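# Examining the three-dimensional arrangement
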Amino acid sequence: MAEQGPLRFAFDSPAIRVRFGAGCVRELPAELDALGFARLLLITTPGRARDVRAMRALLGPRLAETFAQALPHVPAELVRRALEVTAAARPDACLVFGGGSAVGLGKAVARETGLPLVAVPTTYAGSEMTSIWGISDEGGKRTGRDARALPRLVLYDAELTLDLPPAISAASGMNAMAHAVEAMYAAGAGPEVVILAEDAIRRLRDALPRIIREPRNVDARDQALAGAHLAGRSLEKAVMGLHHKLCHVLGGSFGLPHAETHAALLPYVVAFNAAAAPEAMARIAAALGAPDAVTALLSLSQSIGTARPLAELGLTAEQVPRAAALACAGSYPNPRAVTEPDVAALLERARTGAAP
Ligand code: NAD
């Protein structure tokens, strides 16, 4: 842990109630009552009509309005429309149900309105455990941290994730894996972060191949959700490096799909950083149950079908220099110094699917 100099860290720990367990969503009405939330705005992604019906049946008159139009990267125009619906519905809390897209839109509404957030996450993005928000417009994607974006209550129920398609499960699980991996070598991350991240890596490594084989296995889904929860906690308590910066640039400015990009890029950034963070790499490898972090991540990714050239996800050779320049703009901590030529070379290897 001491490889980046003397141990120094700081974090806040705001109140957040977490319920975890298959079937626990049935306790949602009681949990809402305990917090005094009587009028909810439900935010989710399109195509979840069956879940919305189930939520309506569960919540009864507590459900004031539904906004089922959440999209990835929280487009500013969508936030404007969601705020209009919020103003008309006059809820006393905002309930987000689904993946990072639903949670992200809820965070934007919570920041603008001060409404408390309740989250029922059904992917492995981990956003429900963070105060990190994002909004995108023509100029790209802006992100920041704001305590108002952190949910007050989170319920993890694996039964709600049994129909999450295996391909989305795999990519989303590798998105969580990336939080935990970057947390392991993050500057200023304390000992708690390492414990969270190690356990997240171990659980995701175990669960994701099992989910591909048996998508409706509740134990595998439980383990993946627990891994995502821990990975989200480690993301909240650490400052991310080059990998998250690159994914932010590729998604926000070039429209690449979020979770798939995280999954495809991770072995390349870990290879880039490996020599500069040997102790973290040893811990990552140990958590993956293998001698080498890069090889283990690549082989996990290949086994679950997420090892794809970035070209397949939409990155062209012409876009690489600008992506590298954007990724090197601004300052953020990373074990190895980032330069435009080095990052462009990394991106080109990942784009063509060459060895990391
Ligand atoms: P997503 O929320 O877009 O979900 C992917 C797809 O899966 C959607 O079509 C959704 O409807 C569907 N889906 C979700 N749950 C399902 C279920 N249980 N059954 C069937 N279908 C289901 O994708 P995501 O990868 O979860 O989130 C991506 C977004 O999250 C990005 O915008 C990213 O920036 C953001 N994010 C934010 C943070 C943070 O801390 N702020 C962390 C990670 C990701």
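Residues numbered from 1 in each chain as written. Predicted model: local features only at pLDDT ≥ 70, side-chain atom pairs only at ≥ 80, totals over all residues. Heavy atoms only, no water.

Attention shifts here to the packing of aromatic side chains. Inspection of every chain in the model, using the stated rule, returns one aromatic pair. Seen in terms of ring centroids, Phe20 and Tyr156 are 5.6 Å apart; in terms of plane orientation they differ by 40°. Their pairing is tilted. Of this pair, Phe20 sits in strand β1 (residues 17-20) while Tyr156 sits in strand β8 (residues 153-156), and the two are 136 residues apart along the sequence. The exposure class assigned to Phe20 is partly exposed, which follows from its relative accessible area of 36%. Take Tyr156: its relative accessible area is 0%, and that puts it in the buried class. (Phe/Tyr/Trp six-rings, centres within 6.5 Å; stacked < 30°, edge-to-face > 60°. Helix = DSSP H or I, 4+ residues; strand = E, 2+ residues; numbered from the N terminus. Buried < 20%, exposed > 50% of the residue type's maximum accessible area, 1.4 Å probe, protein only.)

Our next topic: the environment of Ile132. Structurally, Ile132 can be placed in strand β6 (residues 132-137). Taking the C-alpha atoms as reference points, Ile132 and Arg148, 16 residues apart in sequence, are found 9.7 Å from one another. Not counting chain neighbours up to four residues away, the residues in contact with Ile132 comprise Lys107, Gly144, Arg145, Leu235 and Glu236. (Contact = heavy atoms within 4.5 Å.)

On to the domain arrangement of the protein. Examined at the domain level, the protein breaks down into domain 1 (9-161) and domain 2 (166-352). With centres defined by C-alpha atoms, the gap from domain 1 to domain 2 works out at 25 Å. Roughly 2,400 Å² of surface becomes buried between domain 1 and domain 2 when both sides are summed, with 62% attributable to carbon and sulfur atoms. Three residues stand out in domain 1 for area buried against domain 2, namely Phe20, Tyr124 and Met129, and they jointly supply 29% of the buried area on that side. Our enumeration of links across domain 1 and domain 2 arrives at one salt bridge. Glu236 is the salt-bridge partner of Arg145, the closest N and O atoms lying 3.6 Å from each other. (Domains from an automatic or database assignment. Buried area = accessible area lost by both parts, 1.4 Å probe. Salt bridge = Lys/Arg side-chain N within 4 Å of Asp/Glu carboxyl O.)

In the neighbourhood of the ligand, 25 residues make up the surrounding shell, with Thr45, Ser101, Thr122, Thr123 and Thr130 lying closest. Between the ligand and the protein, one listed contact pairs an oxygen atom with a backbone N or O atom of Gly100 at 2.8 Å. Contact between the ligand and His258: an oxygen atom at 3.4 Å from a side-chain N or O atom of the residue. Contact with the protein chains covers 83% of the free accessible surface of the ligand, which is 870 Å². Among the elements of the structure, α4 (100-113), α5 (166-184) and α9 (258-273) are those that each provide at least two residues to the shell around the ligand. (Near = heavy atom within 4 Å. Polar contact = N/O pair within 3.5 Å; in protein donor to acceptor, adjacent residues only side chain to side chain. Areas by Shrake-Rupley, 256 points an atom, 1.4 Å probe, with all protein chains shown as cover.)

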